[in-house]
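Observations on the three-dimensional arrangement
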Amino acid sequence: MRTITGLPLLAGILALFASAAPLSAQESVSVDSSAGRMTVETVAGGLDHPWSLAFLPDGRMLVTERAGRLRIVSRSGTVSEPVAGLPPVYARGQGGLLDVVLAPDFDSSRMVYFSYAEPREGASGTSVARGKLVEDAGGARLDNVEVIFRQQPSVGGSSHYGSRLVFARDGTLFVTLGERYSERDQAQRLSSHLGKIVRIRTDGQAPDDNPFVKLQGARPEIWSFGHRNVQGAALDPQTGRLWTVEHGARGGDELNHPEAGKNYGWPIITYGRDYNGATIGEGTRKDGMEQPVKYWDPSIAPSGLTFYTGDLIAAWKGDLFTGALAGMKLVRLRLDPDRQRVVEEEDLLTDFGARIRDVRQGPDGALWLLTDEDPGRLLRLAPAD
């Protein structure tokens, strides 16, 4: 079903729970959509809160599990033993092993970049590391792992780490960083990485053309600031511009295209309210602070973001897709020709009752999804035969 809008509230809740039983591997169901009848196949199950996936050149996938394990999943759904060589991970609350991406030159370098919550002397913070993926008869491992970036300062607690990784066209790396919940005011401080998007080189250093490189007291890695907890990011294939989705509190989830040096308002402006119902900040607008391209109220808790560029589902070519955790659905967004605003929105998989953590386009042109559960699932969404 595309949407449950119009169902009585109780019936809708019961329908979600009734359909929430996890499918077994290779089981599939059909759903309606604006692109016609679609098949959702469970390719792999038994994953422990999977967070991110990245396609290897041969069609297999790297999949992170929040508990700190990196798996290789075959095209037929076989899940490997954990890849060896990862550093210690702070796997508590929202912390754990988070995003994973391949280096742009992976075919020759075999380098993998990943973000994770790093334990640090009674606290933790989001870090980014890289290592060389080596496979042999003994299994798979990451060699020569090095941490290239550490979010500062470290903070106690286990919430709001971000964190997505996106390579820009120039080879620099965008990293989204949460404000760690208890330290939300630091999202406005340029002396802190909390609540920021940073842009770094592959060695972790700040590019010379970052907006605050020459500003005394500012962290040179910062690209944009005033963010809450960005858990989806993707590069627009038409423009090369970064797009993100960001968690609000009670309402106020945002779709943005963060630009260099700009302030996205948190926690001074927001379309959400605090969890106790209290007002946050000064309202929804303020001079010098950017408005979201779109916001959701009530919150859907968006996570994962991808532009669809394939031919397999031609009706959706050019559209944005994001998962929803609290919303338990996949959301399709169509942008106007100038890539400035959302002109169409479609809710998909609303009857699955699954927290969709990540969405990626596969080399086969299908959409591949991860469900944040234990056991979690790897799903493939494609036109029905």
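Residues numbered from 1 in each chain as written. Predicted model: local features only at pLDDT ≥ 70, side-chain atom pairs only at ≥ 80, totals over all residues. Heavy atoms only, no water.

**Topic: the overall build of the protein chain**
Operational definition: Secondary structure follows DSSP: runs of H or I at least 4 residues long count as helices, runs of E at least 2 residues long count as strands, and numbering of each begins at the N terminus. In this description the radius of gyration comes from C-alpha coordinates, and the expected globular size is given by 2.2 Å times residues to the power 0.38. For every residue, the accessible area (1.4 Å probe, protein chains only) is compared with the maximum for its type, and the residue is labelled buried under 20%, exposed over 50%, or partly exposed between those bounds. Contact between two residues is taken to exist if any of their heavy atoms lie within 4.5 Å; hydrogens are not considered. Values of accessible area rely on a 1.4 Å probe in the Shrake-Rupley scheme; residue burial ignores everything except the protein chains shown.
Each helix and strand in the protein chain was counted, giving 2 helices and 24 strands. Over its C-alpha trace the protein chain gives a radius of gyration of 20 Å, about what one expects of a compact globule, namely 21 Å for 385 residues. Dimensions of the protein chain, computed from the C-alpha atoms along their principal axes, are close to 60 × 55 × 40 Å. When burial is assessed residue by residue, the protein chain has 55% of its 385 residues classed as buried. Taking the contacts inside the protein chain whose residues are at least 6 apart along the sequence as the reference set, 56% of them involve residues at least 24 apart. Accessible surface for the protein chain amounts to roughly 15,600 Å². Of this, 48% is attributable to carbon and sulfur atoms.

**Describing the sheet that holds strand β3 (residues 50–55)**
Applicable threshold: Strands are labelled as partners when DSSP assigns at least two bridges between them. Axis definition: a line fitted to C-alpha atoms, over the contacting stretch in the case of helices. Angles run 0 to 180 degrees between N-to-C directions.
The antiparallel open sheet is built from 3 strands, whose spatial order is β3-β4-β5. The open sheet has two edge strands with one neighbour each: β3 and β5 (69–73). Put simply, the sheet's adjacent strands are angled 25° from each other on average, direction ignored.

**Comments concerning the sheet that holds strand β19 (residues 320–324)**
Ordered in space as β18-β19-β20-β21, the 4 strands form an open sheet in which the pairing is antiparallel. Whereas interior strands pair on both sides, the edge strands pair on one side only; in this sheet they are β18 (302–307) and β21 (342–348). Within this sheet the neighbouring strands show an average axis-to-axis angle of 20°, counted without direction. Examined bridge by bridge, strand β20 (residues 329–335) and β21 share 6 bridges and lie antiparallel to one another. Residue Arg332 lies in a different strand from β21, and its bridge partner there is Glu346.

**Quick word on the nonpolar core**
As a reminder, the rule being used: Within this scheme, the nonpolar core is defined by two criteria: the residues are buried Ala, Val, Leu, Ile, Met, Phe, Trp, Tyr or Cys, and they are joined through side-chain atoms within 4.5 Å.
Of all hydrophobic cores here, the largest spans 19 residues; its most connected members are Leu62, Val112, Leu133 and Leu142. Apart from residues no more than four positions distant in its own chain, Val112 is found in contact with Leu62, Val100, Val101, Leu102, Phe106, Ala129, Arg130, Gly131, Leu133 and Leu142. By size, the runner-up hydrophobic cluster in this structure holds 18 residues, among which are Met38, Val40, Tyr308 and Leu330.

**What about the confidence of the model for the protein chain?**
This is how the line gets drawn: The pLDDT value expresses, per residue, how confident the predictor is, ranging between 0 and 100.
Put simply, the protein chain has an average pLDDT of 93, and 93% of its residues get 70 or more. Predicted confidence is poor over residues 1–25, with pLDDT under 50, and the contacts of this stretch with residues over four places away or in other chains come to 37 contacts.

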